[in-house]
Each structure stands twice: as C-alpha cells, then as structure tokens.
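Structural description and commentary
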2 protein chains.
Amino acid sequence: MRPTVHDIAAAAGVSLATVDRVLNQRPGVRHVTREKVETAIRDLGYIRDVAAANLAKGRTYPLVFILPASDNSFMHGLNAEIRQAVLRSPAERTDIRIIEVPAFDPAALVSVLEGLSREKPCGIAMVATDAPEVRAVVDRLVRERFPIVTLVSDLTGSLRHHYAGVDNIAAGRTAARLLGRFLGPRKGEIAVLAGSMLVRDHRERLEGFAAVMAEEFPDLAILPVLEGRDDPEVAHRLVADALGNAGIVGIYSLGAGNRGLIRALKEKAADRTLTVVAHELTAHTRAALIDNTIDAILNQDAGHEVRSAIRILKAKADGLAVIAAQERIRLDIFLKDNLP
Amino acid sequence: MRPTVHDIAAAAGVSLATVDRVLNQRPGVRHVTREKVETAIRDLGYIRDVAAANLAKGRTYPLVFILPASDNSFMHGLNAEIRQAVLRSPAERTDIRIIEVPAFDPAALVSVLEGLSREKPCGIAMVATDAPEVRAVVDRLVRERFPIVTLVSDLTGSLRHHYAGVDNIAAGRTAARLLGRFLGPRKGEIAVLAGSMLVRDHRERLEGFAAVMAEEFPDLAILPVLEGRDDPEVAHRLVADALGNAGIVGIYSLGAGNRGLIRALKEKAADRTLTVVAHELTAHTRAALIDNTIDAILNQDAGHEVRSAIRILKAKADGLAVIAAQERIRLDIFLKDNLP
DNA sequence: CTGTTAGCGCGTTCAC
DNA sequence: GTGAACGCGCTAACAG
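With an unreviewed UniProt entry as reference, chain A is termed LacI family DNA-binding transcriptional regulator, source organism Rhizobium redzepovicii.

Turning our eyes to something else, we now look at the interface of chain B and chain A. Contacts between the two partners involve 39 residues from chain B and, on the opposite side, 39 residues from chain A. By the criterion of area lost to chain A, the three top residues of chain B are Arg 181, Arg 330 and Asp 337 of chain B, representing 20% of everything that side buries. At the boundary of chain B and chain A, one finds 12 salt bridges. At the boundary of chain B and chain A, one finds 15 residue pairs in polar contact (both at pLDDT 80 or more).

With that settled, consider the sheet that holds strand β1 (residues 61-68) of chain B. Strand pairing in a sheet relies on backbone hydrogen bonds, with the paired strands running either antiparallel or parallel. All names here are of chain B. Taken together, the five strands give an open sheet; going across it, the order is β2-β1-β3-β4-β5, and neighbouring strands pair in parallel fashion. Two strands in the sheet have a free side with no partner beyond their single neighbour: β2 (94-101) and β5 (162-164). The average angle at which neighbouring strand axes cross in this sheet is 20 degrees, direction not considered.

Further remarks concern helix α8 (residues 132-143) of chain B. Think of an α-helix as 3.6 residues a turn; residues three or four steps apart then line up on the same face. Residues and elements named next belong to chain B. With 12 residues, α8 should cover 16 Å at 1.5 Å per step; its first-to-last C-alpha distance of 17 Å lies within 8% of that length. Of all the residues in α8, the buried ones are Val 134, Val 137, Val 138, Asp 139, Leu 141 and Val 142. Turning to α8, the residues buried within the fold contact α7 (106-119), β3 (123-126) and β4 (148-151).

Taken together, 25 residues form the shell around DNA strand D, and within it Val 5, Asp 20, Arg 26 and Tyr 46 of chain A together with Arg 21 of chain B come nearest. Backbone sugar and phosphate groups make up 69% of those atoms of DNA strand D lying within 4 Å of the protein. Here Arg 26 of chain A contributes a side-chain N or O atom positioned 2.7 Å from a phosphate oxygen of DNA strand D. Contact between DNA strand D and Arg 48 of chain A: a phosphate oxygen at 2.9 Å from a side-chain N or O atom of the residue. Considered class by class, the residues forming the surface near DNA strand D number 12 nonpolar, six polar and seven charged.

Turning our eyes to something else, we now look at the side chain of Arg 93 of chain A. Locating Arg 93 of chain A in the fold gives a position in the loop between α6 (89-92) and β2 (94-101). A distance of 3.0 Å separates a polar side-chain atom of Arg 93 of chain A from the backbone oxygen of Arg 59 of chain A. Dropping the residues within four chain positions of it, Arg 93 of chain A is found in contact with Asn 54, Leu 55, Gly 58, Arg 59, Thr 60 and Tyr 61 of chain A together with Asp 49 of chain B.

Our focus in this paragraph is the sheet that holds β2 of chain A. Residue and element names in this part refer to chain A. On the basis of which strands lie adjacent, the open sheet formed by five strands has the order β2-β1-β3-β4-β5 and parallel pairing. Lying at the two open borders of the sheet, with one neighbouring strand each, are β2 and β5 (162-164). Averaged over all pairs of adjacent strands, the angle between strand axes in this sheet comes to 20 degrees, irrespective of strand direction. In this sheet, β2 lies alongside strand β1 (residues 61-68) in parallel orientation, the contact comprising eight bridges. From the neighbouring strand, Leu 63 faces β2, where its bridge partner is Ile 96. With respect to the sheet, helix α5 (residues 73-87) is in contact with β1, β2 and β4 (148-151), its orientation differing from that of β2 by roughly 160 degrees.

Before going further, it helps to spend a moment on the packing of helix α1 (residues 5-12) of chain B against helix α3 (residues 31-44) of chain B. Residues and elements named next belong to chain B. Running from N to C, α1 and α3 cross one another at 125 degrees; their axes reach a closest spacing of 9 Å. Judged on the interaxial angle alone, α3 and α1 are oblique. Between α1 and α3 the crossing geometry is right-handed. Of the residues in α3, those in contact with Asp 7, Ile 8, Ala 11 and Ala 12 of α1 are Lys 36, Val 37, Ala 40, Ile 41 and Leu 44. Looking at the contact of α1 with α3 residue by residue, the classes come out as seven nonpolar, no polar and two charged.

On to the nonpolar core, then. In this structure, Leu 178 and Phe 209 of chain A together with Phe 209 of chain B are the most contacted members of the largest nonpolar core, which totals 52 residues. Once residues lying within four places of it in the same chain are set aside, the contact partners of Leu 178 of chain A are Val 277, Ala 296, Leu 298 and Ile 333 of chain A together with Phe 182 and Leu 335 of chain B.

This paragraph deals with the pattern of salt bridges. Tallying each qualifying case throughout the model produces 50 salt bridges over all chains. The partner of Asp 154 of chain A in a salt bridge is Arg 160 of chain A, with the nearest N and O atoms 2.9 Å apart. Exposure remark for Asp 154 of chain A: the relative accessible area of 12% places this residue in the buried category. By relative accessible area, which is 22% here, Arg 160 of chain A ends up partly exposed. Measuring nitrogen to oxygen at the nearest pair gives 3.1 Å for the salt bridge that ties Arg 88 of chain B to Glu 92 of chain B.

Overlay of chain B on chain A (RMSD 0.3 Å): rotation 180 degrees, translation along the axis 0.0 Å. Here the symmetry operator amounts to a two-fold rotation axis. Across chain B, the rotation axis passes nearest the C-alpha of Phe 182 of chain B, at a separation of 2.6 Å. Comparing interface residues between copies, 100% of those in chain B also lie at the interface in chain A; the contact surface is shared.

Here chain A is described as being made up of domain 1 (5-48), domain 2 (58-164 + 302-327) and domain 3 (168-300). For domain 1 of chain A and domain 2 of chain A, the distance between their C-alpha centres works out to 34 Å.

Time to look at α3 of chain B. Residues and elements named next belong to chain B. Over its 14 residues, α3 extends 20 Å from the first C-alpha to the last, a length consistent with the 20 Å expected when each residue adds 1.5 Å. Within α3, the full set of buried residues consists of Thr 33, Arg 34, Val 37, Ala 40 and Ile 41. The arc that holds the buried residues of α3, viewed along the axis, is 125 degrees, so those residues lie on one side. For α3, exposure combined with an orientation more than 90 degrees from the buried face picks out His 31, Val 32, Arg 42 and Asp 43. Just beyond α3, the residue with positive phi is Gly 45, at close to 65 degrees.

Locating His 236 of chain A in the fold gives a position in helix α11 (residues 232-242). Other than its neighbours up to four places away in sequence, His 236 of chain A contacts Gly 260, Arg 263, Ala 264 and Glu 267 of chain A.

The rules behind each value
Residues numbered from 1 in each chain as written. Chains lettered and ligands numbered in written order. Predicted model: local features only at pLDDT ≥ 70, side-chain atom pairs only at ≥ 80, totals over all residues. Heavy atoms only, no water. Contact = heavy atoms within 4.5 Å. Buried area = accessible area lost by both parts, 1.4 Å probe. Salt bridge = Lys/Arg side-chain N within 4 Å of Asp/Glu carboxyl O. Polar contact = N/O pair within 3.5 Å; in protein donor to acceptor, adjacent residues only side chain to side chain. Pairing = 2+ DSSP bridges. Helix = DSSP H or I, 4+ residues; strand = E, 2+ residues; numbered from the N terminus. Axes fitted to C-alpha atoms, helices over the stretch in contact; angles between N-to-C directions. Expected span 1.5 Å × (residues − 1). Buried < 20%, exposed > 50% of the residue type's maximum accessible area, 1.4 Å probe, protein only. Near = heavy atom within 4 Å. Nonpolar A, V, L, I, M, F, W, Y, C, P; charged D, E, K, R; others polar. Parallel < 35°, antiparallel > 145°, perpendicular 65-115°, else oblique. Left-handed = near helix turned anticlockwise from the far one by under 90°. Core = buried A, V, L, I, M, F, W, Y, C linked by side-chain atoms within 4.5 Å. Least-squares fit on C-alpha atoms with pLDDT ≥ 70 in both. Domains from an automatic or database assignment. Arc of directions from axis to C-beta.

Below, the structure is given as structure tokens:
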C-alpha cells in the first residue's frame, strides 16, 4: 500500500492538518515543523492522490478558450472539438468557456485578456495574434500566475507556458519537399496562397517553404505570395487570376479558404497537371484529394490540440508534470491512401 | 452540482445501499425497487463519479502486455514505452506486467493466454500472431469477459475488443504512392524487403503496396519479395545481392532490420539515385533519412499505441466509452523536414 | 502556530 | 430485502 497523509503525519509526529498545510504550501507552519514533514514525505516516498484531493475539494477547472471569429472550416472544426470537450466536462471536472474575438485584431484580444484577470479562470488557451500588445498582456497574466497555452498559432518570445500546435517552419519545409519531389525534373513557377502575412503561423510556413525551395529545388521559382485572407471568395479570385500564367506548375496553399482555391482549380486548370499541396483536412480538401485536384494535405489534428491544451492547463494548475511525447502535435501528412 | 447517490436515494425513497446494489448490478433487490431506482437515475441524469468509486474500492487495474521476444529496435521501443507506463502506474492506478513470448510461435502465445485466465487481470494487450489457435483462445477469453486489445498486429476475425495499431493496408498504399510520385517519369524495378510473409501486418503492407503500384504506376515493376526475417544480417545480404540488378530504381522496406538495408545501400548504391521508403523511425532510419539514404519513413507511434491500449482496457473494465478519435493510431509520414 | 472533526461521492460490511 | 454506519485519501472549517 502506498503511504497516505496519515502515515506521514505519524512519521513526522504532527497532525493531518499540518501535513495538509505543508503539502499545499499554505502559511501557518513553523520552519522546523515544515522541514520535519518534508523529510517524512521524502523518506516514505509519498505521492499525493490527486483524485482524492479533487474529490475532497470539489475542485473543478474553469478554463477559457479564446478563438478568432473566422468563418472557415478549420476554425469551425476547432470550435466543435472544444464543444466536445465541454460535453466531457463532468467527467474531467472542467468548466470550459469559449470566447470569440474578431480575427487579426490585437486590441480586441488584449481587452478580452484583461477582462479575464478579474474572473480568475484556472487556465487560458488562446489562438494568438502576434503583436507586441498581446505579448505584453500575456506576460503580465503569466506573472500573475495564470497558466496560459497558445493554440494553433504561437506567441514567440512571450512567457506562455506551452504551445499546442504544429511546428510551422517544419510544415513549410515539408510542403516544399513534397512539391519538389512530386514535380521531379519539371521546371517552372510555384504560386503560394496564404491567409495573411500578419499571422505568425503563415509567415513561418512560408519561411520554411522558401528555404527548402531555394536550397534544394532551384529549378522552381516562387511567385509573389497571394494573400487570400482565409476567405474562399478572395482566394478564388486570386488563384483564378494567377492561373493565367502558363508557367505555373505547382501551388502551395498554406492558409485556409481552400474552398475557393479548389473551385478555381476545377474551373481553370482541369486540363493542366498542376501539383498542389494544401493545409488542413476539411470536407472540401478531402474531396479534392480524392479526386486528384490536390496531391497532399498537411494537417494539424484540432482534437488533439484541444485535448492537449486541456491536459496541460490542468497539470499546470496542479503543478504536475505531463507526458511530453503525448503533447507533441504532429504534422499529419495525408495522401489519398491514408485518410482517416 | 451534479446529482449523487444521495439524491437518487432520496428521489427513489430508498437507502444508499440499495442504490449501490442497483448501480453495481448486484442481487438482493426486488424488481419494483430496482425499477424505482433506475427511473430516478435516468430522471436526475445521474453520472457515476469513477474517481470516487475507485477511491472507495481502492481499485487498481491489473493489466498484462504480451510481446514477442524480438530483438529489433521497434520492439525495444515498444517495451520501453510500456515501462514508462509502469512508472506512471501509481497515478493511473494500473498494475502492469509484461510477458515476453517467442516470436512467430502460436503455441507459446496460446499457453501464456491460457495461464492468464487463472490470474484474472482486468485487461490484456497483445501483439497477436495470426493463427487459428490464437484466435480460438482469444475468443474464449473474451467470452469469459476479459477485455482484450491487439497491439501493432491485429487478429482479424477474432472477438478482440479493439486493435491499437495502424492500418497496414493503408500504409502499403501510401508507401507505393510516395515511391511512385517521387520516381516520377522514371521506369524500372522496385525491390521489396519484408520480415516474413507469415506475419499479418507485413502481408497487408505488401498487399496495399502492390495494389497501388498496379493501379497507378504501371511503369514500375515489383520484384519478388525478399524475406529478411527482421534480421539486419539477413537483410543486408539479400539487399546487397539484389542491388546487382541495375534496373532497380526503388526499394520498399516494410519490416524491421533496416540496419542491414542501410549498410547495403551505402556499400553498393552510393553512386545510384535509388528512392527508398522504409518503416519505423529508429536511430538508424532517422540517420539514413537525414543523409538522404532513405527518402521517407512510415512510422507508428509506439507510445501512443501503449497509452491507447491502457485507456481502452481501463474503459472496458469500467464499462465506459472512449474518445474514438484519440484512439486512432495514425500512420506517421516522416521526411527529413518534419522529424520529431 | 497546531490539532480535531466533519465531510467529498462512493462501496461495503453488518445488523434489522 | 433493506438500511445505518464506517472507511477510502484528502481538504477545510473551527477550535485551542
């Protein structure tokens, strides 16, 4: 049987209450007493039973998820995954609230975050907009001991505890190698469709993509980036225009709004053999992969990201460790053969 | 506050003990009383607090993992992941035992399984050897209410509750498409290195591989399979011999023993541009991917498989549901750019 | 500063 | 058949 609070109380010659105070770092214990208890804990190899503690406390974990109010399949999917987590709340003792903020709007994000410091959630998960003001509030909240994880898009250089998302530079590099290898000896131009160069994850994907292209596929030239604002209509127009260029042999779509891309491809390039790599598996991209309009899809598993964020925030709230390998968000590569 | 046993006892006008008898399907309750309690449970939307129940019972989950005693990196890794899980046992209330059996030996596996029915573990995870005798014992154990999941290699047609592993047909198909697309317009022959055609996962990979090759890459011909018995020495010899054939343009290694493959490639094909796809990310395959000896690695995450098996066995033991998406074992595709 | 005591939600003796 | 009472490991009043 593993040791309990009773055992260490007996070993240290104190009462349960004192042991509890030491365990929970509460004040009101003399230095000597505290040390006695701490040695007893170490000697007996005591491990606290978190489940029992939570039962006694009636503890729940109030968590907040902050998402951009973007109207694209990926964000809808992310939202749905969080709502799934809400359904599991009773079993997981979580109490999850979703807050939507205007996309690409640092000021809005900042004001939401500031409001949060009053209502004391025990953890915050946020899709970060990469701006100095945001970094500043996040750092302040972390100093005030709020656990914060960034979701999908990171806030580099901030004090956030963790980033639950894929390595976007690696994603861009991978896209470049797939495109380059699939094209083989063909020479030509590559169009890149992004959402906005103001978002960190898109910038990083482009950076990785351009690096590998330059290093390893000098026969392929990258055209100026098309910014589709993650909007299917805008994307459609931009891609349809670009396809007027007969030298294009491949396309890398590193953001959302792929619905527009796919429509443009079917209208303007049905007779051409373009090689296309896109991000995010949705109903649209899946269908396009199956009918050979798209050649490969890079994906991040939104469900995994949400579950991971929750596990990490809970662990942080309890001061516990996580299984690092379990929290690594993989870059999924889908060809038409390994679709889920 | 969600309802507790007290609430439903009050609602049904009975005592706690009676509620408990109903909840745990124990005898000694009149039909009418049972019904009263059951309606109260449904009306109040009662959900049992598993953590509290486990606390009261002092419950632990005795689990058994049965593995082949194979001396290759993948099995070593799988073993290590289980030992990691053993370290987490106190927190997860598990009590895990690893049993090694001779590889490819149905009789040994059967006798271990039969021994298990005496010691009553609350769940069994096993790397299955695909044989009728094994299927028979597994089915018997399942009927005796032992939760059983297959790990890495499945036992199709048996009553096992779940398979924690990748879809090997999809893996083979994916390998074929990668090889075919990477080779582009090149024509030639493809060598296939397997462990043994007696193991189900290897057969399935080959099946998927051959199917896509035939359908979509008619210019590439598959040579007769080389059976390396997952042994680096044997693999080395076979591949070195095969490379005498100048028509070979690609290699698919669908089993273990890649150390030998890699050595043969460096010795005999340093000057040739072969395209190589292999399975399982290990120290050796990782290095070979980085130095361009291998072009892509297909991988299954052993840590995920082990954690998933544990979650599923625990859930089955408690009669609870799992998050299906979380338990799907992905086929990881690694290029040199997205290595973990 | 420290100890006593009464729960948290559930399972399990025992009597009745 | 049914119920009262106690304990699981831990926390939180409230005394002292």
